[in-house]
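Report on the structure
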Amino acid sequence: MFDKFGEMNSYTEINELAANLLQEGDLDSLKELAKENGIPDDYVEMYLEEAIPSLCDSTSAAIGKIDVECMKLKPKELMLDWVEYIKGLCMENEMIAHQIRKKGKTLQGCMAVLLEYSFKNQITVDKTIIKAAGVSAGKVTFGVPGMAKAKELIRDYYMGGTKA
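If you're wondering where the values come from, they're calculated on a predicted model, not measured in any experiment.

Examining the side chain of Glu 36
Relative to the helices and strands, Glu 36 is located in helix α2 (residues 27–36). Only 3.4 Å separates the side chain of Glu 36 from the backbone nitrogen of Asp 3, close enough to count as a polar contact. Polar contacts involving the side chain of Glu 36 include one to the main-chain amide nitrogen of Lys 4, which spans 2.8 Å. Look past the residues within four positions of Glu 36 in its chain and what remains in contact with it is Met 1, Phe 2, Asp 3, Lys 4, Phe 5, Gly 6 and Val 68.

This is the structure we're talking about:
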């Protein structure tokens, strides 16, 4: 995932490396740095044209990291909703964006926290619901957290409270 340049701990590290690569005239590596960190091509072009002072900010660096991680994990359905919530958090709160970029904080780790919660908090589904769904199993359990709990778990994970 972060094969050539390694996992960057902050948007500042990305920008410092980008500035050095630009100063050296190594535009191919600069573009590769951006791609590896999920920074959009149009940001690279604006940076090269000096339309923006740096390659990324804390929000774009965090969302870029999430996007790169999504390419590997390929989340679906409810997990995609969680990903979109995480991206929304980045836009709302610069501190969370900063924390998402930290080394060791991963989308995989966050999803693991949510999955772990799901398994530990399963409840038995009422038999009338099971019957209405046409499910023939004698017992069905369900443990996916509601959105409020999922949001709490996501915030706790990225802000340092929960580890996976």
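Looking at α2
Among the residues of α2, Ser 29, Leu 30, Leu 33, Ala 34 and Glu 36 are the ones counted as buried. Taken down its axis, α2 places every buried residue within 165° of arc, on the same side. Along α2, exposed side chains directed more than 90 degrees from the buried face belong to Asp 28 and Lys 35. For α2, the secondary structure elements touched by its buried residues are α1 (11–24), α3 (41–48) and α4 (58–73). Within two residues after α2, Gly 38 carries a phi angle of roughly 70°, on the positive side.

Some details on the nonpolar core
Ranked by size, the top nonpolar core spans 23 residues in total, and within it Ile 86, Ile 100, Leu 114, Ile 154 and Tyr 158 carry the most contacts. Contributing elements (two or more residues each) for this core: α4, α5 (77–92), α6 (94–101), α7 (107–120) and α9 (147–158). With six residues, α5 is the largest single contributor of residues to this core. Non-local contacts of Ile 154, meaning those with residues more than four positions away in its chain, are made with Trp 82, Tyr 85, Ile 86, Leu 89, Cys 110 and Leu 114. Among the nonpolar cores identified, the runner-up in size contains 13 residues, and Met 8, Ala 18, Leu 21 and Leu 55 belong to it.

As for the environment of Pro 53
As for its position among the elements, Pro 53 is in the loop between α3 and α4. Among the residues examined, Pro 53 registers a relative accessible area of 80% and is labelled exposed. Placed 39 residues apart in sequence, Pro 53 and Glu 92 show a C-alpha to C-alpha distance of 22 Å.

The rules behind each value
- Residues numbered from 1 in each chain as written.
- Predicted model: local features only at pLDDT ≥ 70, side-chain atom pairs only at ≥ 80, totals over all residues.
- Heavy atoms only, no water.
- Helix = DSSP H or I, 4+ residues; strand = E, 2+ residues; numbered from the N terminus.
- Polar contact = N/O pair within 3.5 Å; in protein donor to acceptor, adjacent residues only side chain to side chain.
- Contact = heavy atoms within 4.5 Å.
- Buried < 20%, exposed > 50% of the residue type's maximum accessible area, 1.4 Å probe, protein only.
- Arc of directions from axis to C-beta.
- Core = buried A, V, L, I, M, F, W, Y, C linked by side-chain atoms within 4.5 Å.

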